[in-house]
Amino acid sequence: MSRHRAPEGEDQTSVIPRVTDDGLPPAPRPSPRPPAPAGPPVVPGPPAGPVAGRPPADLPGPPPRVPLDRVDTPTAIIPAIPADATGLLGAVPPAPPKPDPPAGGAVPPVPPPRRGERVVKLRPEQTDEGYKSVYSELTRPTVGSRIRAGVRGLGELMITLGVVVLLFAAYEVWGTTAIIGSHQDTLGQQLDQQWDQPDPVVGPTPSASSNPLPGKAIARLYIPKLEKQWVVVEGVTQKDIRYAPGHYPSSADPGKIGNFAVAGHRNRATFWRLDELDNGDAIVVETKTEWFVYKVVRTRIVKPTQVEVVAPVPGEPGVKPTQAMVTLTTCNPKLDNYQRLIIHGELARKQARSAGQPAELG
């Protein structure tokens, strides 16, 4: 639509008609009036639509179209608000209807608790001792709760002890082996230095343990079947055999007539697998000048008080020896010490150290 010229003498202004939201043309424009006196503008009446608290049927019809103070201002129609749009105006919808109470005023039964649930009254109850606490039924100790607490504490204690035992076992397997291996390397270097030094006097070759000091390295011990070797020190005290097998000071020297007795701990770094030796297995001892090869002849388990096993003739104290022997002693069983494992061997042969190592060592 567009503007068009009106005949002369008439109002030459025309208004473009507007279409309301309901699709109807607007109401006819009122005829011109003289200007209204100064004052506040006239505000349109209340909008159409439902009012909170009153059904839509009671609402009045569309309000009349009231012009503003300017006559030539076109008017517009405020569209009607649908009945289901009350939420946009802040109106609170009515509450849902409450269900009718049961006939006779009876209270509906409370469903029983499910399995595993416990019903506790939240209100205090009056008893002979006074009012109970709200949570007294939950916090009051009973015989069953005390038993459960004791069993729980005992279980935690057993778990703690188990962890300690596992840590100790891990230390015995890996920690002790690494420490003893390091000390064995140091003792081996000391022994090599002693053997590289010339003898102080000219004469018969001194024995490997002539007047040795406690804890001093005197020889090397080999067990080919176990693929193990150790440096043997002088003495059998706990300090002496902490990191190495120890030679009984009262026993014979390696390769000499009598009993060369050696004691060692039953750990993985020392005599842990000594029980695997059988008769005929080789035990090799190395000194500064010679190799001595012994053969196992007997294995037995004795009490700690049976010290005759390290006598010059094992098991026969006071008898004069006639052959050279070796005796290895350790604790039995493993990780305990109420018995002793004894390995006896007899000297099979010997050879000079300058001739190389024995064939038993490969």
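See the structure printed just above.
Residues numbered from 1 in each chain as written. Predicted model: local features only at pLDDT ≥ 70, side-chain atom pairs only at ≥ 80, totals over all residues. Heavy atoms only, no water.

Asker: Tell me about unusual backbone geometry, and please be specific about residues and values.
Answerer: A cis amide bond, omega -5°, links Asn 332 with the succeeding residue Pro 333. Along the chain, the position of Pro 333 falls in the loop between strand 9 (324–332) and strand 10 (339–352). In the Ramachandran plot, Glu 227 falls in the positive-phi region, its phi being about 55° despite a non-glycine side chain. Assessed through its relative accessible area of 74%, Glu 227 is described here as exposed. In the Ramachandran plot, Leu 335 falls in the positive-phi region, its phi being about 65° despite a non-glycine side chain. Within the fold, Leu 335 resides in the loop between strand 9 and strand 10. (Helix = DSSP H or I, 4+ residues; strand = E, 2+ residues; numbered from the N terminus. Buried < 20%, exposed > 50% of the residue type's maximum accessible area, 1.4 Å probe, protein only.)

Asker: Pulling in residues and values, what's your account of the sheet that holds strand 8 (residues 290–302)?
Answerer: Ordered in space as 3-4-5-6-9-10-8-7, the eight strands form a closed barrel in which the pairing is mixed. Note that strand 4 (residues 228–234) and strand 5 (residues 246–247) share two bridges and pair parallel. Pairing of Val 233 across the sheet is with Gly 246, part of strand 5. In the packing of helix 2 (residues 143–196) onto the sheet, contacts are made with strand 3 (217–223), strand 4 and strand 7 (282–286), and the angle to strand 3 comes to roughly 120°. (Pairing = 2+ DSSP bridges. Contact = heavy atoms within 4.5 Å. Axes fitted to C-alpha atoms, helices over the stretch in contact; angles between N-to-C directions.)

Asker: Explain the nonpolar core to me, and be specific about the residues and the numbers.
Answerer: In terms of nonpolar packing, the biggest core is built from 21 residues, with Leu 221, Leu 274, Leu 277, Ile 283 and Leu 328 touching the most fellow members. When contributions to this core are tallied by element, the ones reaching two or more residues are strand 3, strand 4, strand 6 (258–263), strand 7, strand 8, strand 9 and strand 10. When residues in this core are grouped by element, the largest group, four residues, is from strand 3. Excluding its chain neighbours within four sequence positions, the residues that come into contact with Leu 277 are Ile 223, Lys 225, Leu 226, Ile 283, Val 296, Thr 299 and Ile 343. Leu 187, Trp 195, Ala 217 and Ala 244 belong to the second largest nonpolar core, which has seven residues in total. (Core = buried A, V, L, I, M, F, W, Y, C linked by side-chain atoms within 4.5 Å.)

Asker: Quick one: what's the story with the pairing of strand 4, residue by residue and with numbers?
Answerer: Within strand 4, five of the seven residues are buried, which leaves the element mostly enclosed by the surrounding structure. With six bridges connecting them, strand 3 and strand 4 associate as antiparallel partners. Along strand 4, the bridge assignment pairs Tyr 222 with Gln 229. Counting the residues that bridge the hairpin from strand 3 to strand 4 gives four residues, and of these Glu 227 lies at a positive phi of roughly 55°.

Asker: Help me get a handle on the side chain of Asp 281, residues and values and all.
Answerer: Tracing the sequence through the fold places Asp 281 in the loop between strand 6 and strand 7. Of the polar contacts made by the side chain of Asp 281, one reaches the side chain of Lys 225; its length is 3.3 Å. Here Asp 278 takes part through its backbone nitrogen, which lies 2.6 Å from a polar atom of the side chain of Asp 281. The residues touching Asp 281, leaving out its near neighbours within four places in the chain, are Lys 225, Glu 276, Tyr 294, Lys 295 and Val 296. (Polar contact = N/O pair within 3.5 Å; in protein donor to acceptor, adjacent residues only side chain to side chain.)

Asker: I'd love a proper account of the pattern of salt bridges, names of residues and values included.
Answerer: A side chain with one charge may pair with a side chain of the opposite charge, provided their charged atoms come close. Under the definition given, this model contains seven salt bridges. Close ionic contact of Asp 192 with Arg 220 constitutes a salt bridge, the shortest N to O distance being 3.1 Å. Here Asp 192 is found in helix 2, whereas its partner Arg 220 is found in strand 3, with 28 residues between them in sequence. Note that Glu 276 is salt-bridged to Arg 273, the shortest N-O span being 3.0 Å. Several salt bridges converge on common partners, so that one network encompasses Lys 225, Asp 278 and Asp 281. (Salt bridge = Lys/Arg side-chain N within 4 Å of Asp/Glu carboxyl O.)

Asker: Mind laying out the environment of Thr 176, listing which residues take part and the relevant values?
Answerer: Inspection of the secondary structure puts Thr 176 in helix 2. Between the alpha carbons of Thr 176 and Ala 269 there is a distance of 7.2 Å; along the sequence they are 93 residues apart. Excluding anything up to four places from it in sequence, Thr 176 contacts Tyr 171 and Asn 267.

Asker: Outline the packing of aromatic side chains, listing residues and values.
Answerer: One pass over the full model with this rule turns up two aromatic pairs. Taken together, a centroid distance of 5.7 Å and an interplanar angle of 45° make the contact between Tyr 222 and Trp 291 tilted. You can see Tyr 222 sitting in strand 3 and its partner Trp 291 sitting in strand 8, a full 69 residues away along the chain. The interplanar angle of 90° and the centroid separation of 5.2 Å between the aromatic rings of Trp 230 and Phe 271 together place this pair among those described as edge-to-face. Here Phe 271 lies in the loop between strand 6 and strand 7 and Trp 230 lies in strand 4, a separation of 41 residues in the sequence. Considered together, Trp 230 and Phe 271 belong to a single accessibility category, that of buried residues. (Phe/Tyr/Trp six-rings, centres within 6.5 Å; stacked < 30°, edge-to-face > 60°.)

Asker: So what's going on with the pairing of strand 10? Which residues, and what values?
Answerer: Here twelve bridges tie strand 8 to strand 10, and the two strands are oriented antiparallel to one another. Considered in strand 10, the bridge of Lys 295 is made with Glu 346. When strand 9 meets strand 10, the two strands line up antiparallel, connected through eight bridges. Each bridged residue has a counterpart across the sheet, and for Asn 332 the counterpart in strand 10 is Gln 339.

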